[in-house]
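Coordinates in review
Single-letter residue listing:
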Amino acid sequence: MSAYEISIVSVIGINVILAVSLNMISGFCGQISLGHGAFFGAGAYATALTMVGVGSVPLAICAAIVTGSLLGIVVGFASLRVRTDFLAVTTIGVNFLFIGFVRKQAWLGGEMGISNVPATGLGASGNMIMTLLFACATIGLSFYISRSWMGFAFRAVGEDEGAAATLGINSGAYKLAAFGIGTALAGLAGAMYTFFTQFITADAFDFIFSVMLMAMVVIGGIGSTWGVVVAAVGLTLLPEAIRFVNDYRLLVFGGLLVLVIRLAPGGLAAMTRGALLRVRRI
Amino acid sequence: MYYIDLAVTGVSIGCMYAMMSVGLTLVYGLLRILHVAHAAVFALGAYVVVLVANATGSLAVGFLAAIIVTPLFGMAIYRLLYEPLLKYRPDVPMIASVGLLVLMQDAFRIVFGEQGITFRSTFAFTTYNFAGITVSAVQIAIVVTAAAIFAGLHLFTTRTRIGVGWRATVSKPQIAASFGIDPIKVRYLNFAIGSALAAVAGGLVALLNNLVDPGIGFVVSYKALAIIVLGGLGSVRGTLVASLVLGLVEAYGTIFIGAWLDRDAIAFLALIVLLMVRPQGFTGARTA
Amino acid sequence: MLKRSFHAPTLSAKVVLGLASVVLLGAATMMPARADIKIGFQAPLTGPSATDGKSAQIAGQMAVEDINSAGGVLGQKLELVIYDDQAKSDQAIFTANKLIGEDGVKLVVNGSYSASGRAAAPIFQKAGVVMISAYGVHPDITRAGDFMFRLVHLGPPQGAATALYIGKTLGLKKVSTITMDNDYGQATMDGFLEAASKYGIEVLSKYSYSLKDRQFGSIVASVKRDNPDAIYATGYFFTGGPLVAQLRAAGITVPIIGSQAFDSEKFVEIAGPAAEGTYIVDSFDRDRKDEALQKFFTEFKKRAGYAPEGVAAITYSAVMLMADGIKRANSDDPAKVRDALAATKDFPTLEGSLNGFNSLHEILMPISVNVIKDGQFKPAGEITDLSAFAPPEK
């Protein structure tokens, strides 16, 4: 595989982890998060600092997961206080705060970011394989949760908290769990990202990126693991395949987001399900 | 002198925030939707003012054109995007709104260029001097316009039939409908007025900076979100108060806080703290 | 509508389409090319830095056309392979890999900001690809290795030269500083602050603002209270323009000195009459009696619709320098081109004569200063004491 192909596949893997984890929070549990980039960034910075300081890959990955998760649980508490669209605004705020804070801290590299992050020693192909393995694990975890009691509880909380309470579901606890797990995975993606670029600056984790991630989830079909995976892969490849999309990236992503919500709110997953039903009827 | 200078800055910025945010709080009050794309309306207004003013040589015509065009855009957003989504939970139209904002911003860049457009008139540069304090003509215009607009809105909603009907629909939609007030017309009116105000705010900001660029709406958009929560969602008076407070806090605060936190993040910090502590905002008009 | 036309239950249409496109694209790029020398080109064509990206792209294309119409290099035509890196590190890495892997490029001009150059540099270095950073100022770009070159003055030397200019040439001692808080703005200001005492400059206060700011009311009021002899501000034309306008509107009349990125006609447009008398350090001297420069000016203005600024000029020069390196090396082999570039002496760029590169491949070149008079950029001196602002060595 050429270096270019390796880098594309690596980024696809990272985006899949991010999209699937966001789907857990916003899709399964209905807690709209438009600041997923902040948790991604938190993981990336934790990894960078660990690698620069200690140089241990497993430790760096753990640091990323823990950091992402801790930040996520803190934000998760916000979801207990306000309803979903204000939660979305809060998460936007968290994203901006994260970047605003990081850019001013010298120990986090400030404006210059953190460069010369030591390599993992696995080489570019090794990193790619690690990323893909984690991506598959994430997809597996997503399916497992979806079919488990936890997934049922998430969905109950997401659709109707009042009804969920009558079933004895502690919605607060499950919301925190959703955030905790989803953001832990985002942190993991951050680790993969740092291994890939070996140089991070705060602006890679901005609000626009978070919107792109939400676009992947919505277009894939909010709540559907498969749909989200396909959308993540497709939307990462699309700018590479079609020059027009690359040049007018935000226009296309924003446009797709609007169109999908407006015309097919269930995303690709719903469209495919509908098509399947029609095929069966024939 | 210094503190008065800062106060002048704070008040004029606050008035600009107020004009921008009123549209947002109006939409929320009526439809419970966070109309994030309002920032795109604001930006469109700014572009129209600059382009028409440059083309015709008259600032007044520029503003007039903006006040005509942007309400159409705002109403179109309601009709094409929000109305069909009202049946879903509130975050669905909000995400659509965010998508629209991102799309419009790129569209502005593609159509009007990344460099931005400046005014050809020299209105932007006139200043006046009062006892050592320099105030620019634009700042005066902002404060005067804001005062006029809010006074006008107050009169409109208390003295005219349409205005009263509008207020009634916002607070008690069913009862208003039973009085024969058409809620759909009220919605259009809502968007029209909110958008026109945003256009005026946009034009004034473009004058203040002598520049309109694709990103002009972005920074103000999330501050407006913070403001409407702080002011109590749906409350125009609350928005006005919160806008002035934020303007003054920024003016006095940036020098001190700018060292450890990004200036834009300050508004968000305030927002988050407030949402956690008192989701009803200062005046407690609506719950979050 | 999608609902009716696609009924593939197992593979999503989107994935198929995406993969098919990638395969087609790969096939297209693997088709045999003519005997052209390819020069890779990264620039931020989209995103917040798109203004400079567009200027860089046009300038780069102009340079290639000028070279080709004059007969090309070593009998071959130059071809610019352009990619949008959005001024982001991950995109820079992507596009760098693409250039090396898919396009087989061995020589690259990076017409983008620091984040991009910084991320791409190690990749190019490892692949033995020569990269000239036209205007990316992150210090680590040249530290990535000996295949890297930088054609713009680093931030800190620019700041140091400014200190010399303000303290010695203008003779102003009490200065208020306003920094744009990104890497470029900060690095430049750091250089200034470090060298300030050498020229008897007393820094009264330090203010900072962000890239997105256009309103500087608080800073303006504070500067007014400071009552300095001069104001030094780092930033881009879209921040400097409003800043200068607001400073003057507040009644502040002392000289304002701006950093390199103020250099754009847009700055004069935005600030209007307030721009008058503003000094810009490391601004490019448009009045030089140089035929190539004047021709570049008119041609760029025709193509872009606006007059070229520093970014355009330096990107044009970067491509010209690359071509010159190939010519002197008498080969397009990157190692030979690298050695030829390192040995550059007195190369005529649009900004003036490039003396050469130091051991770290940073430029040794005087810094010219412009002042705005009657809305035009007029020369206001040159800082020729190279030792006063020497870039770091290896």
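Residues numbered from 1 in each chain as written. Chains lettered and ligands numbered in written order. Predicted model: local features only at pLDDT ≥ 70, side-chain atom pairs only at ≥ 80, totals over all residues.

**Things to note about the pairing of strand β7 (residues 202-209) of chain C**
Consecutive side chains of a regular strand alternate in pointing toward one face of the sheet and then the other. All names here are of chain C. Where we set the bar: At least two bridges found by DSSP between two strands are what make those strands a pair. Counting from the N terminus, the helices are the DSSP runs of H or I reaching at least four residues and the strands are the DSSP runs of E reaching at least two. For the handedness criterion, the strands are oriented away from the viewer, and a crossover whose path from the first strand over the helix to the second runs clockwise is classed as right-handed.
Alignment of strand β6 (residues 174-180) against β7, held across seven bridges, turns out to be parallel. Residue pairing for β7: Lys-174 is matched across the bridge by Glu-202. Since β6 and β7 lie parallel, the crossover through helix α8 (residues 183-196) that links them has a hand, and here it is right-handed.

**Some words on the sheet that holds strand β8 (residues 230-233) of chain C**
Residue and element names in this part refer to chain C. Note the cut-off: Lines fitted to the C-alpha atoms define the axes, with helices restricted to the stretch that makes contact. Angles between their N-to-C directions range from 0 to 180 degrees. With C-beta atoms placed from the backbone, a contact is any residue pair whose C-beta atoms sit within 7 Å.
With mixed pairing, seven strands are arranged side by side in an open sheet as β7-β6-β8-β9-β10-β15-β16. Looking at which strands have only one partner, the edges of the open sheet turn out to be β7 and β16 (376-383). Going from strand to strand, the sheet's axes swing by 25° on average, the running direction of each strand aside. In this sheet, strand β9 (residues 256-258) lies alongside β8 in parallel orientation, the contact comprising three bridges. Within the sheet, the bridge partner assigned to Ala-233 lies in β9 and is Gly-258. Across the sheet, α8 touches β6, β7 and β8, and the angle it forms with β6 is around 160°. Contacting β6, β7 and β8, helix α9 (residues 217-226) runs over the sheet at an angle of about 175° to β7.

**Examining helix α9 (residues 216-230) of chain B**
Residues and elements named next belong to chain B. As a reminder, the rule being used: In this scheme, a helix's expected span is set at 1.5 Å multiplied by one less than its residue total. Our exposure labels follow a C-beta count within 10 Å of each residue's own C-beta, placed from the backbone: buried means 20 or more other C-beta atoms, exposed means 12 or fewer, and partly exposed covers the counts in between.
The end-to-end C-alpha distance of α9, which contains 15 residues, comes to 22 Å, matching closely the 21 Å that a straight helix rising 1.5 Å per residue would cover. Burial runs high along α9: 14 of the 15 residues are buried. Two residues or fewer past α9, Gly-232 is found with a positive phi of approximately 90°.

**Quick word on the interface of chain A and chain C**
Defined as follows: Residue type decides the class: Asp, Glu, Lys and Arg count as charged, Ala, Val, Leu, Ile, Met, Phe, Trp, Tyr, Cys and Pro as nonpolar, and the leftover types, Gly among them, as polar.
Listed as interface residues are 31 residues of chain A and, on the opposing side, 34 residues of chain C. Listed by contribution, the elements that provide at least two residues to the side of chain A that touches chain C are α1 (3-28), α10 (225-241), α11 (243-247) and α13 (267-281) of chain A. Counting residues per element, the side of chain A that touches chain C draws most heavily on α13(A), at eight residues. Classifying every residue of the side of chain A that touches chain C gives 17 nonpolar, nine polar and five charged.

**Thoughts on the interface of chain B and chain A**
The interface is formed by 35 residues belonging to chain B together with 36 residues belonging to chain A. Elements supplying a minimum of two residues to the side of chain B that touches chain A: α4 (91-112), α9 and α11 (263-277) of chain B. Of the residues that constitute the side of chain B that touches chain A, the class distribution is 28 nonpolar, two polar and five charged.

**With respect to unusual backbone geometry**
Residues and elements named next belong to chain C. Within the chain, Gln-86 stands out as a residue other than glycine whose phi angle is a positive 55°. Mapped onto the elements of the fold, Gln-86 is located in the loop between β2 (77-84) and α4 (89-101). For Gln-86, a count of 29 C-beta atoms within 10 Å puts it in the buried group. One non-glycine residue, Ala-87, lies in positive phi territory at about 55°. Here Ala-87 is to be found in the loop between β2 and α4.

**What to know about the pairing of strand β15 (residues 367-373) of chain C**
Residues and elements named next belong to chain C. Within β15, five of the seven residues are buried, leaving the element largely enclosed by the surrounding structure. As defined by bridge partners, strand β10 (residues 279-281) adjoins β15 across three bridges and the pair is classed as antiparallel. The residue bridging Val-281 from the neighbouring strand is Val-369, located in β15. Note that β15 and β16 share six bridges and pair antiparallel.

**Focus on the domain arrangement of chain C**
Residue and element names in this part refer to chain C. Note the following rule: Start and end points for every domain follow an automatic or database-based domain assignment.
Partitioning chain C into domains gives domain 1 (34-153 + 288-361) and domain 2 (155-281 + 368-389). Summarising the inter-unit geometry, the C-alpha centres of domain 1 and domain 2 are found 28 Å apart. Taken together, the contact pairs nine residues of domain 1 with eleven residues of domain 2. Classifying every residue of the side of domain 1 that touches domain 2 by side-chain character gives three nonpolar, five polar and one charged.

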